[in-house]
Amino acid sequence: MTYKIVASQCTSCSACEAECPNVAISEKNGTFVINPKKCTECIGYFDIPQCVAVCPVDDTCVIDNSLPRYQPSA
Amino acid sequence: MQKMAEHKGCGTSGGSGKASCGTGAGENDMPTEIWEKVKNHPCYSEEAHHHYARMHVAVAPACNIQCNYCNRKYDCANESRPGVVSEKLSPEQAAKKVLAVASAIPQMTVLGIAGPGDPLANPGKTFKTFELISEAAPDIKLCLSTNGLSLPDHVETIKKFNVDHVTITINMTDPDIGAEIYPWVFWKHKRVTGKEAAKILTDRQLQGLEMLTANGILCKVNSVMIPGINDDHLVTVNREVKSRGAFLHNIMPLISSPEHGTVFGLNGQRGPSAQELKALQDSCEGEMNMMRHCRQCRADAVGLLGEDRSAEFTTDKIMEMEVNYDLSSRQAYQEKVEEERQAKVAARNAELETLAGENADLKILVAVATKGSGRINEHFGHADEFQIYELSSNGAKFVGHRRVDLYCQGGYGEEEALETVIRAINDCTAVFVAKIGHCPKEDLAKAGIEAVDQYAYEFIEQSAISYFKDYLAKIRSGEITHVTRGDATIRQGAFVSVDA
């Protein structure tokens, strides 16, 4: 699993972009998206996912259940 | 520590030619080095805002705190409030925009970055913009407006880019009160809530303020007056920020219409009335200079305060513009502006002398329709705001402005528009205009407000003092009786309830 951004909620404020330790977030057609290949749910970096913590709109950065859980390599 | 502006409050110095108080403060009211810095800054000097323009560039969309009075999501062209922008710019686009605007508006002297988020939550974009502008247009003053959370980390960079004005929004120094205003702050990679969040915020704000003033950087403090939450507390905030060297305090009314979608707007938190706001500003005035001409501008505002020209300078239009930044023609224009300004001060002082010896206790408010230059030069029907002056035997003192335009104007006939104007200036004895029709003049008279067009195109303060003298004479002769006026409404939007 990785995090994803609910486009209809996103205000394109870009707060998440600078905080992502994996540089997984970028702007695409005026809204922000998370690259699932890069997202580690902030495991190994921070206690909580930074996009969730910094997003000014609740329930905008959410878990993407359609993808498998991120597994930190040993 | 920089020297602080001594201020004795208003009404103690009639006849001396002083420009009364607040941001009407003239050069006699503050130390020379501060006056030199603020005299051409429309946001810092009430007098300057008639003559000089500023612009904001929206390069800083991200924010690191959440405020219950803020919502950056909606933008309507008629809307002017902090956080609202039509488009966000890259630093390069912003620099081009500044040059285009400075070439088109030669009295534009100040470039500010004020959001829509927090400039210091976007330090890369903010300082890159400052760098590009200081290279291309070195005569333009730079300033920024911040919530203060990251401020202590950036004081050195602020110094490096020669930013000489910083505004910090400080709404509380008591975490219990802060918890009602700020749902969370993003601090050290965590979202912190409640009192703990407010404690971090206030500590960082006050630390940042101290660091800036210790480095000789001019600091203004903005506070949002939220009735029932921080209204009484702002007197304490005023004292705290003054003791840390802030030179100007701007207490603004909460904007909280439900249609803006802010937390306060949705839960019915009201904003202050005109008289509540004035009473709080007056009670802080003995402490330090108070700002009263703030228009709570958009974060992409362009032009004179109260006359937004941002729509003329959209990114599409700017990118097509041929920019010819000519410093000498800008300077020549600004010299003309200074001449007009000196003439205004001279006229005011001459009129003030004739008031010497008048010793009346009474004070009245008058509203003025103006489109700049310190003159009564706007038609009543065209005015989308009125400037309010308090007249006493000490002269004419600027105490605020009242907007009367509507965010969304559909569905409002002329009758409703006039009622809106009357509600906005209901505490005034007279309204000065360049011209007014017969019908609105009669309706105003019915509401107890005299429409005065005899001073059309004259200087505001000179005319106001002259009017006040006549007013006193008429009371003495028994021609009129002085009536105390009621309260007035600060316009919040289309659906504001009316209670005087």
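Quick caveat: nothing in here was measured; it's all calculated off a predicted structure.

Visitor: In this structure, what is going on with the nonpolar core? I would like to understand it.
Guide: Burial of nonpolar side chains together is a common tendency in soluble globular proteins. Residues and elements named next belong to chain B. Grouped together as the largest cluster of nonpolar side chains are 59 residues, with contacts concentrated most on Val-57, Met-108, Leu-111, Phe-130, Ile-158 and Leu-212. Top element by residues in this core is helix 2 (residues 91-104). It accounts for seven residues. Each residue touching Val-57, except ones within four places of it in the same chain, is listed here: Leu-89, Ala-94, Val-98, Leu-111, Gly-112, Ile-113, Gly-115, Thr-129 and Ala-299. If you look at the next biggest cluster of nonpolar residues, it comprises 33 residues, including Tyr-69, Ala-198, Ile-200 and Leu-305.

Visitor: Sorry, what's going on with the interface of chain A and chain B here?
Guide: Many analyses report the size of an interface as the accessible area lost when the parts associate. The interface is formed by 18 residues belonging to chain A together with 14 residues belonging to chain B. Buried surface at the junction of chain A and chain B, summed over both partners, amounts to about 1200 Å²; 48% is from carbon and sulfur atoms. When the area that chain A buries against chain B is broken down by residue, the three leading residues are Cys-13, Ala-53 and Pro-56 of chain A, summing to 29%. The interface formed by chain A and chain B contains two salt bridges.

Visitor: Please clarify how the side chain of Ser-463 of chain B should be interpreted in this entry.
Guide: If you trace the backbone, Ser-463 of chain B turns up in helix 14 (residues 460-477). At a separation of 2.6 Å, a polar atom in the side chain of Ser-463 of chain B contacts the main-chain carbonyl oxygen of Phe-459 of chain B.

Visitor: Just to check I follow, could you spell out unusual backbone geometry for this structure?
Guide: Glycine aside, a negative phi is what most residues show, and trans is what most peptide bonds show. A positive phi angle is found at Glu-41 of chain A, which is not glycine, with a value near 60 degrees. A positive phi angle, near 70 degrees, is found at Tyr-457 of chain B, a position not held by glycine. The residue Tyr-457 of chain B is located in the loop between strand 16 (450-452) and helix 14 in this model. With a relative accessible area of 46%, Tyr-457 of chain B lands in the partly exposed category.

Visitor: Help me understand the packing of helix 4 (residues 151-160) of chain B against helix 6 (residues 194-214) of chain B, please; the structure alone is not making it clear to me.
Guide: When two helices pack together, their arrangement is captured by the angle between the axes and the distance separating the axes. Residue and element names in this part refer to chain B. Packing of helix 4 against helix 6 brings their axes to within 8 Å, and their N-to-C directions diverge by 20 degrees. In terms of orientation, helix 4 lies roughly parallel with respect to helix 6. The hand of the helix 4/helix 6 crossing is right-handed. Counting all contacts with helix 4, which are made through Leu-151, Pro-152, Asp-153, Val-155 and Ile-158, the residues of helix 6 involved are Arg-204, Gln-207, Gly-208, Leu-209, Met-211 and Leu-212.

Visitor: Explain the side chain of Asn-147 of chain B to me, please; I cannot follow it from the model alone.
Guide: Residue and element names in this part refer to chain B. Within the secondary structure layout, Asn-147 lies in the loop between strand 4 (141-146) and helix 4. Using a relative accessible area of 9% as the deciding quantity, one classes Asn-147 as buried. Here Asn-64 takes part through its side chain, which lies 2.9 Å from a polar atom of the side chain of Asn-147. Residue contacts for Asn-147: discarding those within four places in its chain leaves Cys-63, Asn-64, Ile-65, Asp-118, Ile-168, Thr-169, Leu-201 and Gln-205.

Thresholds, definitions, all that
- Residues numbered from 1 in each chain as written.
- Chains lettered and ligands numbered in written order.
- Predicted model: local features only at pLDDT ≥ 70, side-chain atom pairs only at ≥ 80, totals over all residues.
- Heavy atoms only, no water.
- Core = buried A, V, L, I, M, F, W, Y, C linked by side-chain atoms within 4.5 Å.
- Buried < 20%, exposed > 50% of the residue type's maximum accessible area, 1.4 Å probe, protein only.
- Helix = DSSP H or I, 4+ residues; strand = E, 2+ residues; numbered from the N terminus.
- Contact = heavy atoms within 4.5 Å.
- Buried area = accessible area lost by both parts, 1.4 Å probe.
- Salt bridge = Lys/Arg side-chain N within 4 Å of Asp/Glu carboxyl O.
- Polar contact = N/O pair within 3.5 Å; in protein donor to acceptor, adjacent residues only side chain to side chain.
- Axes fitted to C-alpha atoms, helices over the stretch in contact; angles between N-to-C directions.
- Parallel < 35°, antiparallel > 145°, perpendicular 65-115°, else oblique.
- Left-handed = near helix turned anticlockwise from the far one by under 90°.

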